[in-house]
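What the coordinates show
Each chain is listed here by its residues.
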Amino acid sequence: MPDIRTLATEIHYENRGEGPALLLVHGHPFDHTMWQPQIDRFSATHRVIAPDLRGYGRTPLGARRDKTGLGDFAEDLIDLLDALRIDDCVLAGLSMGGQIAMELYRRHPDRIRGLVLADTFPAAETDEGKAARNAMADRLLAGGAQAVREYADEVLDRMVAPYNTHAAPHVHRMMCATDPAGAAAALRGRAERPDYRETLTKVPFPALVVVGRDDSYTPVADAEDMHALLPHSTLAVIEEAAHLPNLERPDDFNAVLENYLRSLVRPN
């Protein structure tokens, strides 16, 4: 996997295939391998770029270690697109990755020609949510790798539905490998995110909203609300999946994404 050096960090990423660019943004607390089924499938038709976000996977947190805002992640992704000489892309994000995608679109709408929002939501954080995210950041910093593992054990059955045992080991490994400082910085930044609902009403091109039927973090009702906000969107509910339908039911997720990408093909 190559890397690029920016002023803030050194971004590690996978870059496979040729054709229209598809940028995949992972969630918390994962890494780019969260998208492995989609990298394998869509690199046959697209140039698929899947980075490790700052503080996750093999991308170091960098000099600023206290907080990573969604804007920081968004600008890292723009730096990556610039380094790869990619003018525009279809942008897909899941969970925190979806919120990063909304922030990137808000800042750089001209760089996005398609938007996929999976198992995410656009509202600003509540006061209760801010307190919970900051408390979790404190817990991870204080407890280090052991605290990360304990958190992974606690939430695994919400990330991956208990009946999807095939996906659980990979998800658990990703979570346990996460740098506590990187996760804590992202939690603090995410606690301060803005409200993206008005931004979604201005998206001029077709968008895709995807959610697992049994997702308790971002339930179907949240996806329905995003679908209603977007002027031109398709809503897909993946049955027998929770928060990570792209890993839990990759064939179903890929079929939905393939149909969407085909709808964006530019005429000759």
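Rules and cut-offs
Residues numbered from 1 in each chain as written. Predicted model: local features only at pLDDT ≥ 70, side-chain atom pairs only at ≥ 80, totals over all residues. Heavy atoms only, no water. Helix = DSSP H or I, 4+ residues; strand = E, 2+ residues; numbered from the N terminus. Rg over C-alpha atoms; globule rule 2.2 N^0.38 Å. Buried < 20%, exposed > 50% of the residue type's maximum accessible area, 1.4 Å probe, protein only. Contact = heavy atoms within 4.5 Å. Areas by Shrake-Rupley, 256 points an atom, 1.4 Å probe, with all protein chains shown as cover. Core = buried A, V, L, I, M, F, W, Y, C linked by side-chain atoms within 4.5 Å. Axes fitted to C-alpha atoms, helices over the stretch in contact; angles between N-to-C directions. Left-handed = near helix turned anticlockwise from the far one by under 90°. Nonpolar A, V, L, I, M, F, W, Y, C, P; charged D, E, K, R; others polar. Pairing = 2+ DSSP bridges.

What follows concerns the overall build of the chain. Counting its secondary structure elements, the chain contains 10 helices and eight strands. Relative to the globule expectation of 18 Å for 268 residues, the C-alpha radius of gyration of the chain, 17 Å, shows essentially globular dimensions. Summarising its shape, the C-alpha atoms of the chain cover approximately 55 × 40 × 35 Å along the three principal directions. Residues classed as buried in the chain amount to 57% of the 268 residues present. Counted over contacts in the chain with a minimum sequence separation of 6, partners at least 24 positions apart contribute 77%. Accessible area for the chain stands at about 11,100 Å²; split by element, carbon and sulfur atoms hold 49% of it.

Positionally, L187 belongs in helix α6 (residues 180-190). Classification of L187 as buried rests on a relative accessible area of 6%. When the C-alpha atoms of L187 and H26 are compared, they prove to be 14 Å apart, with 161 residues separating the residues in sequence. Excluding its chain neighbours within four sequence positions, the residues that come into contact with L187 are H28, R133, M136, A137 and L140.

We now examine unusual backbone geometry. The peptide bond linking H28 to P29 adopts the cis configuration, its omega dihedral lying at -5°. Along the polypeptide, P29 turns up in the loop between β3 (21-25) and α1 (36-42). With phi around 60°, S95 is a residue other than glycine that occupies positive phi space. Classification of S95 as buried rests on a relative accessible area of 6%. The phi torsion at E240 lies on the positive side, around 55°, for a residue other than glycine.

Another point: the nonpolar core. One finds L91, M159 and V171 to be the most contacted residues of the largest nonpolar core, which totals 87 residues. Here the element with the most residues in this core is helix α4 (residues 127-159); it accounts for 10 residues. In contact with V171, not counting residues within four places along its chain, are F30, L156, M159, V160, L244 and L247.

Before going further, it helps to spend a moment on the packing of α4 against helix α5 (residues 168-176). Packing of α4 against α5 leaves a shortest axis separation of 9 Å and a crossing angle of 145°. The way α4 lies across α5 gives a crossing that is right-handed. Two secondary-structure elements touch here, α4 through V148, R149, A152, D153, V155, L156 and M159 and α5 through A168, V171, H172, M175 and C176. For the contact of α4 with α5, the residue count by class is nine nonpolar, one polar and two charged.

Another aspect to go through is the sheet that holds strand β8 (residues 233-238). Ordered in space as β1-β2-β4-β3-β5-β6-β7-β8, the eight strands form an open sheet in which the pairing is mixed. Each edge of the sheet is formed by a strand with only one pairing partner; in this case those strands are β1 (3-5) and β8. With strand direction ignored, the average angle separating the axes of adjacent strands in the sheet is 20°. Pairing between β3 and strand β4 (residues 47-51): three bridges, direction parallel. Counterpart to A21 in the pairing with β4 is R47.

So far we have only geometry, and geometry alone does not tell us how the molecule works.
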